[in-house]
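Now for the letters of each chain:
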Amino acid sequence: MGERARTLTRDGFRRGAGRGTIGLLVAAVALLSMGALLVGPFPLGPFEAIGRLLDAIAGRDAAGDAATTVLVSIRLPRIAGALLVGAALAAAGACYQTLFRNPLVSPDILGVSAGAGLGAVLGIFLSLPVAAIQFMGFAGGLGAVALVGFVAAAIRHGDRTLILVLAGVVVGALTGAATSLLKVLADPYDQLPAITFWLLGSLAGVKGEDIWPAAPVVLAGLVPLVLLRWRINVLSLGDEEARALGIEAARLRLAVVVCATLVTASVVAIAGVVGWVGLVIPHIARMLVGPGFGRLLPVAALLGAAYLLVVDTLARTISSVEVPLGILTAVVGAPFFLWLLARGRRAWA
Amino acid sequence: MTRLQHAVLGLAALATAALVAIVTAPPPAQARTIVDSAGRSVEVPDTVTRVFAAGPPASILVYALKPDALLGWPRAIRGEERPYIAPAYRDLPETGRLTGRGGEANLERVLALKPDLIIDFGSVRDTYVDLANRVQEQTGIPYILVNGRFEETADSLRLVGQALGVAERGEMLARDVEVTFAELDAILADVPQESRPRVYLARGPDGLETGMKGSINTEIIERAGGRNVAEAPGQYGLVRASPEQVILANPDTIITWDRNFHRAVWSDPLWAGIEAVQRKRVYLSPTAPFGWIDRPPSLNRMMGLKWLAGLFYPQRWQGELREEARAFYRLWYHVDLSKGELDGLLEWASGRAP
């Protein structure tokens, strides 16, 4: 407790530094986005690109013009998608890690990715159109977490958190098994490759019309988290301490789980299963600004956005074909994370 | 006639009968040695009546050559595929795949079907050779590997025709393949590479999955006189393309069998600027009973080859699709299509799937 209290106070002292970090990160994300808009296999000089963009904003876009299509219909939605997905996964990861007071927790802990995977795979198995596959992914993610919630609520004894996590593991395993069953039953020459690619995650096909429905849902999940961030901070001290400070832990925990699930499910639905971001980015954020959730949430979200933007830009440029995101996030992230750990300025606190 | 004469005549008759019996009786079951496409020498029984197809491509090969020997489909024939398979074979049981992606067939169940022979049609690389040897040792059932590359189709038909004891049918189908290939070669002889259609194979519901040039899934493009736009040295197999790369490649022809993609492509701004879409050259392949261009990569591609030749070279290719489809389904799939079924197939091939 003494250690905790000290960390919190230290976090208070670091508030000014945190604001500076956030400012820097916002600038970095903006710059990276501009840069990402200019790279890609389609040859497009920076001045031409800016000219096209201004034309498009002014409504003077020539229909069917390839360069404009590349900029406005492909790169812009894709960059928006990378920012949205990265921010959402990292924010959800930060929430769960704080909630469960455990650094090994990722947004998948309550089965949201497994559920979304099952929903989307079922959609592919039934040969549904893309929008329907995405919706089934979203619904599957919510459904899995709801199931975890019901199971945990039905068990009335033992450590609440532990039961929630165990229920998440069980539901995750079951949905994983159902997904594997569908893979076995799927047409190996048609559906199986599509399923495999989906489960590896990709933003290759993201369009404006995918972002528009997902963004409000992500915001609807993020805004309450931002508003509640100081209370969630208290939650990390444990239920009894929280109650002593006049906060109803169970209710707050439910709110956090619902919000983080909404956020995760909506982005997994458009990007597929992108691992690693939600696990590691919160750690890096914590190394930068400490464990206080008030700072952690925005910094993790911004870092996640920047990280996934960089990774996705690599995914679409380093090879003549797309590299699945799930592979790159790990390959790029793991050595970087190890390096950070080795420098070891701050341990998990 | 004396008694002696009677006896002699009787003996002679008996001897003749015995001789006839010896000559016409089936010889005792003995094995022949077949050298398969991987160079393995396999002892195959003289009469093969029960064949287990290790995967979907092999099942089509066996079905085309000797349908009575086919023990089951790796994947049951369903729904709209049924009218295009002869009635006697529509309801063969589902046996699962022994090799390839997601092998799942249970060896015990394979044995319970008492096959004389297991056939795999596709890759003959080391993994598959090893797998074939293991299954053969474990079950004692001869297992032959047949090369599934498109160019090898005629040889593969002859090989399996011999193995199944239907060498004449194998020879006839092989000749049919060679005639089609030769006709294509003749019309393609003076078409320079630059003026051949640039083709993109769109797979998956968003059309962004494709097969690289040189992979078994796209061989048909080059064989029909097209150029696959997905080309990168050293890369094979199925990949995900980014829309930007598709725009950059700007294919003038897109082929697919995904109905969702085919329906969506016309109104999708991403695809709107692509030459193939502007020129209305996005073609939907029928998939009954099997895909025309792939899915699986087997003999079914011979139908797609004629279809693509007609689409790529309408001036040069002489065949008339309706007649080609009727003849192909009769010769290869043992079905006489009714007018309605043929209409359905042709509608499908012109973009209106059932």
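On a predicted model such as this, the values are computed, not experimentally measured, just so you know.

K.L.:
Please provide a residue-by-residue account of the overall build of chain A, values included.
P.N.:
Each helix and strand in chain A was counted, giving 15 helices and zero strands. Computed over the C-alpha atoms, the radius of gyration of chain A is 21 Å, within 12% of the 20 Å expected from 2.2 N^0.38 for a compact globule of 349 residues. If you line up chain A on its principal axes, its C-alpha atoms span 65 × 50 × 40 Å. A total of 349 residues make up chain A; the buried ones form 48% of that total. Residue pairs in contact within chain A that sit at least 24 positions apart in sequence constitute 76% of those at least 6 positions apart.

K.L.:
Which residues make up the sheet that holds strand β6 (residues 198-202) of chain B, and what values go with them?
P.N.:
Residues and elements named next belong to chain B. The parallel open sheet is built from four strands, whose spatial order is β8-β6-β10-β11. In this open sheet, the two edge strands, each paired with only one partner strand, are β8 (227-228) and β11 (282-284). Bridge count between β6 and β8: two bridges; the pairing is parallel. Its bridge partner being in β8, Val199 is matched across the sheet by Asn228.

K.L.:
Give me helix α4 (residues 66-100) of chain A: which residues, what numbers.
P.N.:
All names here are of chain A. An ideal rise of 1.5 Å per residue puts 51 Å on 35 residues; α4 measures up with 49 Å between its terminal C-alpha atoms. Of all the bends in α4, the greatest reaches close to 30 degrees and is centred on Arg75; the proline Pro77 follows between one and four positions later. Counting buried positions along α4 yields 29 of 35 residues, so the element is predominantly enclosed. Just downstream of α4 lies Arg101, where phi reads positive at about 50 degrees.

K.L.:
Mind laying out the interface of chain B and chain A, listing which residues take part and the relevant values?
P.N.:
At the junction of the two partners, chain B supplies 31 residues and chain A supplies 32 residues. Taken together, the elements giving at least two residues each to the side of chain B that touches chain A come down to β9 (238-240), α9 (243-249), α10 (259-265) and α11 (269-272) of chain B. In terms of residue count, the dominant contributor to the side of chain B that touches chain A is α9 of chain B (five residues). For the side of chain B that touches chain A, a count of residues per class yields 14 nonpolar, eight polar and nine charged.

K.L.:
Hey, could you go over the packing of α4 of chain A against helix α13 (residues 277-289) of chain A for me, with residue numbers and the actual values?
P.N.:
Residue and element names in this part refer to chain A. Two numbers describe how α4 lies on α13: the axes approach to 7 Å, and their chain directions differ by 75 degrees. Taken together, α4 and α13 sit at an angle that is classed as roughly perpendicular. Residues Gly86, Leu89, Ala90, Ala92, Gly93, Ala94 and Gln97 of α4 form the contact with α13, whose own contacting residues are Val277, Gly278, Leu279, Ile281, Pro282 and Ala285. For the contact of α4 with α13, the class distribution of residues is nine nonpolar, four polar and no charged.

Analysis parameters
- Throughout this description, residue numbers start from 1 for each chain and increase along the sequence as written.
- For naming, the first written chain is A and the first written ligand is 1, with later ones following in the order written.
- In keeping with the model being predicted, local features are shown solely for residues with a pLDDT of at least 70 and side-chain atom pairs are shown and tallied solely at 80 or more, while totals for entire chains, interfaces and linings include all residues.
- Each helix is a run of DSSP H or I of at least 4 residues and each strand a run of E of at least 2, with the numbering of both proceeding from the N terminus.
- The globule rule used here is 2.2 Å times the number of residues to the 0.38 power, and the radius of gyration it is set against is calculated over C-alpha atoms.
- As a rule, residues whose C-beta atom has 12 or fewer other C-beta atoms within 10 Å are exposed, those with 20 or more are buried, and those in between are partly exposed; C-beta atoms are placed from the backbone.
- Think of it this way: build a C-beta for each residue from its backbone, and any pair within 7 Å is a contact.
- For two strands to be treated as a pair, DSSP must find at least two bridges joining them.
- Helix span, expected: 1.5 Å multiplied by one less than the number of residues in the helix.
- At every residue, the bend is computed as the angle between two fitted axes, covering the seven residues ending there and the seven beginning there respectively.
- Here the nonpolar group is Ala, Val, Leu, Ile, Met, Phe, Trp, Tyr, Cys and Pro; Asp, Glu, Lys and Arg are the charged ones; every other residue, Gly included, is treated as polar.
- Every axis in this analysis is a line fitted to C-alpha atoms, fitted for helices over the stretch in contact. Angles between the N-to-C directions lie between 0 and 180 degrees.
- Just so you know how the angles are binned, under 35 degrees is roughly parallel, over 145 roughly antiparallel, 65 to 115 roughly perpendicular, and the rest oblique.

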